[in-house]
Amino acid sequence: MAFLLRRLAFYLAAFLVAATINFFLPRLMPGDPIQIMFASAGSELSLENLNALKLTFGFIDAPLGEQYLRYLQSVFTGDLGRSVKYFPLPVTELLGRALIWTLGLMGIATVVSFSLGTFMGVVAAWNRGKPIDSAISLSAIFSSSVPAVVVSLIMLFVFGYTLSWFPNGYAANPLIDPAWNWEYISSVLYHGTLPMLTLVIVLTGGFAVTMRNNMIYLLGEDYIVMARAKGLTDGRVMLWYAARNALLPTVSSLAIAIGTILGGSLVTEVVFNYPGLGNTLYQAIIARDYPVIQGQLLIMTGAMLISNFVVDLSYVLLDPRLKKA
């Protein structure tokens, strides 16, 4: 319980710091959505209408400290305001719609890439110095080094425009009404194939490199030598003795990946025009939609902190030495 309370206090303090940065960061950007609307309207918008717009969107003329306290109150009460770009849609409803698409896309991509990358790292480390190790290591380093925007554009150009195997954007066919039937579900899977493969290519290499390095470090330990000396099969030694212990540091990488799920992959979603959280954040930044920007960053922060807290607890379950400590 003492460990649990210490970690909770730490993550609560981290969340408050992130929320404070989240409050000041948009206000340091030049201009605001009301001024943009006022400038685009020219002389057709009076000063009274400008003040009415500020009151409608919650941009109060008050000292910065008072605005900050009201902001914290809204954060802990779950009232994130209304979107400026999509007024009068509440921010929670807007982000909730985008969250469903991001969870489906990033969730599947993260699970597939973690499983594939972990397996590749185990095989490469167990066959260290052999051709299969070189092939896996080079491909993993290459895939993790190439920016996501490059992979997205290549996938879109080759499979979307040149070969026309997959659609170039959207989450589903707009001519099909959303429903729980195979026609709509198959359309969602078909439209999500390219962005999902893009994310798998980008994420798999990092998991593979991390797992390989952890495995190589552990293969020289005494308990691995003892397991081999006892005549255990290579598969048992590789999976139950080496891979199981090497998996612990990799869980931290998985936590970071899980935390970014709720943030969405901004570049990939923008390139494929996928209606997830990343694309929503991009549109909000362009429109200076402060409520949506702040709500999105809070989701990313909360998801990252929660995932790291779960990792702290999972370490105790996975590592018997921590239980005794």
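Residues numbered from 1 in each chain as written. Predicted model: local features only at pLDDT ≥ 70, side-chain atom pairs only at ≥ 80, totals over all residues. Heavy atoms only, no water.

K.L.:
If you had to explain the packing of aromatic side chains to someone new, which residues and values would you point to?
P.N.:
Under the defined criterion, the tally for this structure stands at five aromatic pairs. Note on tryptophan 101 and tyrosine 274: the rings are 6.1 Å apart at their centroids and 90 degrees apart in plane angle, and the pair reads as edge-to-face. Of the two residues, tryptophan 101 is situated in helix 5 (residues 91–126) and tyrosine 274 in the loop between helix 11 (266–271) and helix 12 (277–286); the sequence distance between them amounts to 173 residues. Consider the rings of phenylalanine 114 and phenylalanine 207, whose centres lie 5.3 Å apart with planes at 90 degrees: the pair is edge-to-face. Residue phenylalanine 114 is located in helix 5, and its partner phenylalanine 207 is located in helix 8 (residues 182–218); the two are separated by 93 residues in the primary sequence. For the pair phenylalanine 114 and phenylalanine 207, one class covers both residues: buried. (Phe/Tyr/Trp six-rings, centres within 6.5 Å; stacked < 30°, edge-to-face > 60°. Helix = DSSP H or I, 4+ residues; strand = E, 2+ residues; numbered from the N terminus. Buried < 20%, exposed > 50% of the residue type's maximum accessible area, 1.4 Å probe, protein only.)

K.L.:
Explain the pattern of salt bridges residue by residue, including any values.
P.N.:
Applying the stated criterion across every chain, the model contains two salt bridges. Residue glutamate 93 pairs with arginine 97 through a salt bridge whose shortest N-O separation is 2.8 Å. Taken together, the residues span about one helical turn, with glutamate 93 and arginine 97 both in helix 5 at a distance of four residues. Linking aspartate 133 and arginine 212 is a salt bridge whose minimum nitrogen-to-oxygen distance equals 2.8 Å. One end of the pair, aspartate 133, is in helix 6 (residues 131–145); the other, arginine 212, is in helix 8, and 79 residues separate them in sequence. In this structure aspartate 133 comes out as buried when scored by relative accessible area, which is 5%. (Salt bridge = Lys/Arg side-chain N within 4 Å of Asp/Glu carboxyl O.)

K.L.:
Residues and numbers for the environment of phenylalanine 157, please.
P.N.:
Tracing the chain through its elements places phenylalanine 157 in helix 7 (residues 148–162). As a C-alpha pair, phenylalanine 157 and asparagine 168 span eleven residues in sequence and 8.7 Å in three-dimensional space.

K.L.:
Tell me what's going on with the nonpolar core, and back it up with residues and numbers.
P.N.:
Within the largest apolar cluster, 15 residues are counted, with the highest numbers of intra-cluster contacts made by Val122, Met211, Met215 and Leu219. Here the element with the most residues in this core is helix 10 (residues 234–261); it accounts for five residues. Setting aside anything within four residues of it in sequence, one finds leucine 219 in contact with Ala125, Trp126, Ile224 and Ala242. One finds Ala19, Tyr68, Tyr71 and Phe309 within the second-largest nonpolar core, a separate group that totals eleven residues. (Core = buried A, V, L, I, M, F, W, Y, C linked by side-chain atoms within 4.5 Å. Contact = heavy atoms within 4.5 Å.)

K.L.:
Could you give an account of unusual backbone geometry, with specific residues and numbers?
P.N.:
Look at serine 164: it is not a glycine, yet its phi comes out positive at around 60 degrees. With respect to the element layout, serine 164 can be found in the loop between helix 7 and helix 8.

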